[in-house]
Amino acid sequence: MKNSSGGTSLLFLLVFATLTYCSDSRLQSCQPSGKIRGTKPPPGQCNPENDSDCCKQGKMYTTYKCSPPVTGNTKAVLTLNSFQKGGDGGGPSECDNQYHSDDTPVVALSTGWYSGGDRCLNYITVSANGKSVKAKVVDECDSTMGCDDEHDYQPPCPNNIVDASKAVWEALGIPEGDWGDYDITWSDA
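Rules used in this analysis
- Residues numbered from 1 in each chain as written.
- Predicted model: local features only at pLDDT ≥ 70, side-chain atom pairs only at ≥ 80, totals over all residues.
- Heavy atoms only, no water.
- Helix = DSSP H or I, 4+ residues; strand = E, 2+ residues; numbered from the N terminus.
- Buried < 20%, exposed > 50% of the residue type's maximum accessible area, 1.4 Å probe, protein only.
- Contact = heavy atoms within 4.5 Å.
- Areas by Shrake-Rupley, 256 points an atom, 1.4 Å probe, with all protein chains shown as cover.
- Pairing = 2+ DSSP bridges.
- Axes fitted to C-alpha atoms, helices over the stretch in contact; angles between N-to-C directions.
- pLDDT = per-residue confidence, 0-100.
- 1 Å grid on protein atoms, 1.4 Å probe; cavity = no way out; pocket = protein on both sides within 12 Å on 5 of 7 lines; lining within 4 Å.
- Points joined across faces, edges and corners; volume = space filled by probe spheres on them.
- Nonpolar A, V, L, I, M, F, W, Y, C, P; charged D, E, K, R; others polar.
- Disulfide = S-S within 2.5 Å.

**Some words on the overall build of the protein chain**
Broken down by element type, the protein chain carries three helices and eight strands. What you see in the protein chain, going N to C, is helices and strands ordered as α-β-β-β-β-α-β-β-β-α-β. A burial count over the protein chain gives 40% of its 189 residues as buried. Long-range contacts, defined here as pairs at least 24 residues apart, represent 73% of the contacts in the protein chain between residues at least 6 apart. Element-wise, carbon and sulfur atoms account for 52% of the exposed surface of the protein chain, whose accessible area totals about 10,700 Å².

Okay, structure coming up:
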């Protein structure tokens, strides 16, 4: 009788440990948090500079509150953004309420990586094409919302984006014809 009880306890602990492990691994993955329906931008309200997408009426866009885990070599997609006044980045940067020259290496990170502003004004290292550059985090590339005036009628950002100024692209030596979407890695500096 005693052995049966010990076996049951051991089985219970094994099942509990397995469930806990599975739970933790699910928490580490980044699943979509929802969808939003696109609305047609009012005339002249979506700035398509740098091949920025404008929301399409009725299209469903996936949203994320998270990003993939950050490692010493986090895979991401580099996109092009202008942080200057009148650029496709919209208003001033969220971290410092300032505009930034396209000649300055600055970036916006997807919502999960932006981490509620925890990386604001810190530097990250962006690597691609055999080169690296340090860039200052000045903004969020919002993965939770979009298709409205605040987001320049652009769709929500995917959850794996490093949205960079022209200075970052140039420092990485990426030919201008390849600017737009480019596979990179990044890490906290």
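From this point, the narrative continues.
**Here we look at the sheet that holds strand S5 (residues 123-128)**
Ordered in space as S3-S7-S4-S6-S5-S8, the six strands form a closed barrel in which the pairing is mixed. Between one strand axis and the next, the sheet turns through 45 degrees on average, direction left out of account.

**Structural notes on the pairing of strand S4 (residues 106-110)**
Within S4, five of the five residues are buried, which leaves the element mostly enclosed by the surrounding structure. Both S4 and strand S6 (residues 131-141) contribute to a ladder of five bridges, which runs parallel. Within the sheet, the bridge partner assigned to Val-106 lies in S6 and is Lys-136.

**Some details on the confidence of the model for the protein chain**
When the pLDDT values of the protein chain are averaged, the result is 85; 85% of them are 70 or greater. Throughout residues 1-28 the model reports pLDDT below 50, and contacts reaching past four residues in sequence, or to other chains, amount to one contact.

**Observations regarding unusual backbone geometry**
With phi around 60 degrees, Asn-129 is a residue other than glycine that occupies positive phi space. Counting through the fold element by element, Asn-129 comes out in the loop between S5 and S6. With phi around 55 degrees, Asp-152 is a residue other than glycine that occupies positive phi space.

**Focus on the layout of surface pockets**
A volume near 1,000 Å³ is recorded for the largest pocket. Along its surface, the largest pocket is lined by 42 residues, and Cys-141, Gln-154, Pro-155, Cys-157 and Asp-163 are the ones closest to its centre. Listing elements by their share of the lining of the largest pocket, those giving two or more residues are strand S2 (60-63), strand S3 (74-80), S6 and strand S7 (161-164). Among the residues forming the lining of the largest pocket, the class breakdown is 15 nonpolar, 13 polar and 14 charged.

**Topic: the state of the cysteines**
Counting across every chain of the model gives five disulfides. Each disulfide pairs two cysteine sulfurs, and for Cys-30 the partner residue is Cys-66, the sulfurs being separated by 2.0 Å. What sets the handedness of the Cys-30 and Cys-66 disulfide is the S-S torsion sign, and at about 100 degrees it is right-handed. With Cys-30 in the loop between helix H1 (2-28) and strand S1 (34-37) and Cys-66 in the loop between S2 and S3, this pair connects stretches of sequence that are 36 residues apart. When its relative accessible area of 17% is taken as the criterion, Cys-30 is described as buried. Disulfide pairing places Cys-46 opposite Cys-54 at an S-S distance of 2.1 Å. Between Cys-46 and Cys-54 the sulfur-sulfur dihedral comes to about -95 degrees; the bridge is accordingly left-handed. Cys-46 gets classed as buried once you look at its relative accessible area, which sits at 12%. Under the relative-accessibility criterion, Cys-54 is labelled partly exposed at 22%. Counting only the cysteines that take part in disulfides, in the order they occur along the protein chain, gives the pairing 1-5, 2-3, 4-9, 6-7, 8-10.

**Comments concerning the environment of Val-162**
Within the fold, Val-162 resides in strand S7. The sequence separation of Val-162 and Val-137 amounts to 25 residues, and the corresponding C-alpha distance is 9.4 Å. Among residues more than four places away in sequence, those in contact with Val-162 are Ala-76, Val-77, Leu-78, Thr-79, Val-107, Ala-108, Leu-109, Trp-113, Ile-124, Val-126, Ile-184 and Trp-186.

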